Amino acid sequence: MKEILFISDLHLSQDYPDSLSRFKDFASNLSNEVEQIFMLGDVFDFWIGDDGAKALGHHEIERLLHNISSSGIELFFLPGNRDFLVGMNFAHRTGCKLLPDPSVLEIGGERVYLTHGDALCTDDIEHQTNRHTMLSSKWRVAFLNKSIDERLETAIALRKKSESSKRNKPSYIMDINQSYLENVMREKQVRTVIHGHTHRPAIHTFNLDGIEAKRYVLGDWYTQNSVLTFRKGEFILE
Ligand code: MN
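So, here is what we can say about the structure in this document. Note that the structure is predicted; figures quoted are calculated from it, not measured.

## Some remarks on the overall build of the chain
The helix and strand inventory of the chain stands at seven helices and 11 strands. Relative to its length of 238 residues, the chain is compact, with a C-alpha radius of gyration of 17 Å against a globular reference of 18 Å. Each principal axis of the C-alpha distribution contributes one length, and for the chain these read about 55 × 45 × 30 Å. Classification of the 238 residues of the chain by burial places 49% in the buried group.

This is how it looks when you write it as structure tokens:
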């Protein structure tokens, strides 16, 4: 295994031309060493269904993803709370393999827990309630049956609502809950977790029942690329 890259929270949108151009640079300058790329959610600022990609101006991004996957790099897409509606048509168009959130995979001979991260923020009751509603098939079917214009309108309204409610929440509420995380890690028998969502890039080392455990948090792409690289048995956060 040469190199594995992990990215999340690019929040790609025509509204953020800087992140778009950062992603274009990233996609066109990948090293030959890269074998796999894991995208851990909120790659898109929002997603209104695979048939709405053109309306959001994302055909260019899809083409870049397709270039990456056809160059032989394995691309994985695990959905976030903004792009959970990514589906099989997107996967076919881009060559991405869809992963459920969470997923446990073996990386460098070790079990690694991959998640977008919002499910670990259990102190944010409001977010958990909305998450539960929006991940239900009832909500999904009702939303996808609307016209593209109606969906776009709803998505923009939801984004506004979430941004204003975030401003009123203390910052610890929007971070992961450590004891919930530890229980999940025990249950899944993992010592390594990789996630995004909180936009607080860091490597946290802690003791889990006498064993060293690690939580790698990916950063967002608003001001710079944030990439976690697994190379020669080591994770490097850049
Ligand atoms: Mn998120």
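Picking up where we left off.
## Looking at the coordination of the manganese ion
With distances of 2.1 to 2.2 Å, the protein atoms coordinating the manganese ion are Asp42 (OD), Asn81 (OD1), His116 (NE2) and His197 (ND1). Counting gaps between the donor residues of the manganese ion yields the pattern D-x38-N-x34-H-x80-H. Of this pair, Asp42 sits in the loop between strand 2 (34-39) and helix 2 (59-70) while His116 sits in the loop between strand 6 (110-114) and helix 4 (125-134), and the two are 74 residues apart along the sequence. Overall, His116 belongs to the buried group, its relative accessible area being 0%.

## Topic: the packing of helix 1 (residues 17-28) against helix 2
Two numbers describe how helix 1 lies on helix 2: the axes approach to 10 Å, and their chain directions differ by 20°. With respect to helix 2, the axis of helix 1 lies roughly parallel. The element helix 1 and its partner helix 2 pack so that their crossing is left-handed. Across from Leu20, Phe23, Lys24 and Ala27 in helix 1, the residues of helix 2 making contact are Glu60, Ile61, Leu64, Leu65 and Ile68. In terms of residue class, the contact of helix 1 with helix 2 is made up of seven nonpolar, no polar and two charged.

## A word on the sheet that holds strand 2
Across the sheet, six strands lie side by side as 4-3-2-1-10-11; this open sheet has mixed pairing. Each edge of the open sheet carries a strand with a single partner, namely strand 4 (97-98) and strand 11 (234-237). Looking at chain direction, strand 1 (residues 3-7) and strand 2 are connected through five bridges and run parallel. Bridge pairing links Ile4 to Gln36 in strand 2.

What counts, and at which threshold
- Residues numbered from 1 in each chain as written.
- Predicted model: local features only at pLDDT ≥ 70, side-chain atom pairs only at ≥ 80, totals over all residues.
- Heavy atoms only, no water.
- Helix = DSSP H or I, 4+ residues; strand = E, 2+ residues; numbered from the N terminus.
- Rg over C-alpha atoms; globule rule 2.2 N^0.38 Å.
- Buried < 20%, exposed > 50% of the residue type's maximum accessible area, 1.4 Å probe, protein only.
- Donors = N, O, S within 2.8 Å, 3.2 Å for Na, K, Ca; no water.
- Axes fitted to C-alpha atoms, helices over the stretch in contact; angles between N-to-C directions.
- Parallel < 35°, antiparallel > 145°, perpendicular 65-115°, else oblique.
- Left-handed = near helix turned anticlockwise from the far one by under 90°.
- Contact = heavy atoms within 4.5 Å.
- Nonpolar A, V, L, I, M, F, W, Y, C, P; charged D, E, K, R; others polar.
- Pairing = 2+ DSSP bridges.

The values are spatial; any link to function lies outside them.
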